[in-house]
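Below, each chain spelled out in residue letters.
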Amino acid sequence: MKGVRVYLPTTWAALPALATAGVPPATTGYAATAALAEALDVPVRQDELLEDAPDTSEHLDDLHAAAAAAAADHSLLLLADGPEPGPARRAVVVAVAHVSTVPGHGEHPGAVRLEEAVPWSRVEAVLADGPGDEPAVAAALAALGADADAGLERAVAVLDDVALGWFAPSEVAAP
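Below or above, wherever it landed, is the structure these notes cover. (Residues numbered from 1 in each chain as written. Predicted model: local features only at pLDDT ≥ 70, side-chain atom pairs only at ≥ 80, totals over all residues. Heavy atoms only, no water.)

## A few points about the nonpolar core
Put simply, the test is: Throughout this description, the term nonpolar core refers to a set of buried Ala, Val, Leu, Ile, Met, Phe, Trp, Tyr and Cys residues connected via side-chain atoms within 4.5 Å. Type-normalised accessible area, obtained with a 1.4 Å probe on protein chains alone, sets the label of each residue: buried when under 20%, exposed when over 50%, and partly exposed for intermediate values. Secondary structure elements are defined from DSSP: runs of H or I of at least 4 residues count as helices, runs of E of at least 2 residues count as strands, and each element is numbered from the N terminus.
Formed by 20 residues in total, the largest nonpolar core has its most connected members in Val 6, Leu 15, Val 94, Val 96 and Val 126. By residue number, the principal contributor to this core is strand β3 (residues 91–99), which donates four residues. The next biggest cluster of nonpolar side chains, apart from the first, holds 18 residues, and it includes Ala 32, Val 44, Leu 63 and Leu 127.

## A word on the pairing of strand β6 (residues 123–128)
Stated precisely, the cut-off is as follows: Note on pairing: two strands pair once DSSP finds at least 2 bridges between them.
Burial analysis of β6 places five of its six residues in the buried class, which makes it a mostly covered element. Pairing of β3 with β6 involves five bridges; the strand directions are antiparallel. Paired with Ala 95 across the strands is Ala 125, a residue of β6. Pairing of β6 with strand β7 (residues 165–167), which is carried by three bridges, proceeds in the antiparallel orientation.

## Considering the environment of Gly 106
One can find Gly 106 in the loop between β4 (101–103) and β5 (111–114). For Gly 106, a relative accessible area of 52% puts it in the exposed group. As for Gly 106 and Thr 28, which are separated by 78 residues in sequence, their C-alpha atoms are 8.3 Å apart.

## Let's talk about the environment of Ala 35
Along the chain, Ala 35 turns up in helix α2 (residues 34–39). Once the C-alpha coordinates of Ala 35 and Gly 104 are considered, the two residues, 69 residues apart in sequence, prove to be 8.1 Å apart.

## Quick notes on unusual backbone geometry
With a phi angle near 75°, Ala 26 is a residue other than glycine that sits in the positive phi range. Here Ala 26 is to be found in the loop between α1 (15–21) and β2 (28–31). Given the relative accessible area of 46%, Ala 26 is considered partly exposed. Non-glycine residue His 98 carries a positive phi angle of around 50°. Tracing the chain through its elements places His 98 in strand β3.

## A look at the environment of Val 123
Which entries qualify depends on this criterion: Contacts were defined at the residue level, with two residues in contact if any of their heavy atoms lie within 4.5 Å.
Mapped onto the elements, Val 123 comes out in strand β6. Distance from Val 123 to Pro 169, taken between C-alpha atoms, is 6.5 Å for residues 46 residues apart in sequence. Non-local contacts of Val 123, meaning those with residues more than four positions away in its chain, are made with Val 94, Ala 95, Val 96 and Pro 169.

## Notes on the sheet that holds β5
Selection criterion: Axis definition: a line fit to C-alpha positions, over the contact stretch in the case of helices; interaxial angles, taken between N-to-C directions, run 0 to 180 degrees.
One open sheet accounts for seven strands, arranged β4-β5-β2-β1-β3-β6-β7; its pairing is antiparallel. The sheet is open, and its two edges are formed by β4 and β7, each paired on a single side. With direction set aside, neighbouring strand axes in the sheet form an average angle of 35°. In the packing of helix α3 (residues 60–81) onto the sheet, the strands contacted are β1 (4–11), β2, β3 and β6, and the crossing angle to β1 comes to about 20°.

## A word on the side chain of His 64
By the secondary structure assignment, His 64 is in helix α3. Setting aside its immediate chain neighbours within four residues, His 64 contacts Arg 5, Tyr 7 and Ala 32.

## A word on the pattern of salt bridges
Operational definition: Salt bridges are defined as contacts in which a side-chain nitrogen from Lys or Arg sits within 4 Å of a carboxyl oxygen from Asp or Glu.
All told, the structure shown has two salt bridges when counted by the stated rule. Its salt-bridge partner being Arg 5, residue Glu 124 comes within 2.6 Å of it at the nearest N-O pair. Of this pair, Glu 124 sits in strand β6 while Arg 5 sits in strand β1, and the two are 119 residues apart along the sequence. On the basis of relative accessibility, which here comes to 25%, the residue Arg 5 falls in the partly exposed class.

Honestly, that's just the spatial picture; any functional story needs more than this.
Below you can see the structure in the form of structure tokens.
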């Protein structure tokens with residue numbers, strides 16, 4: 001099955017709905033795209049960006065890390081857009097496999113739009129801040145301020161020392 005790995009921004013409170021209904025089509029995510037490779041000056045061929053392609057580039061992991069980081073930044077913006085119920089205010093990214101996408105869906109060079117609905121069974125991993133990271137996320141959201149575009153760089157800088165944890169989908173399907 002050809003496709004790409006996509007990193008989808010979400011929130012902790014939204015995970016149960018994703019686990020039940022899956023990810024709807026037309027959702028914005030981030031992937032290792034040719035545009036992202038060009039923006040970061042990473043030498044990869046277009047065919048290497050497909051998941052089933054042989055991994056001949058030593059830089060492909062860098063592109064995936066950049067796409068996941070962009071999704072985490074977007075997750076912060078989702079948190080800033082509205083109140084997150086309960087105490088779990090954490091950046092969350094869902095990594096899905098073998099997804100058909102349309103590139104160029106947003107200003108970020110790795111932004112893509114899903115062409116299809118994605119069931120929870122195709123989720124490879126959930127990347128999320130841990131419970132102990134909530135004060136850092138709160139500080140990042142405060143740094144974000146009212147102007148999300150201008151404040152995102154400040155907010156991300158606050159979280160520089162916080163790494164997203166890796167969780168199996170079964171560990172977070174019903175937070």
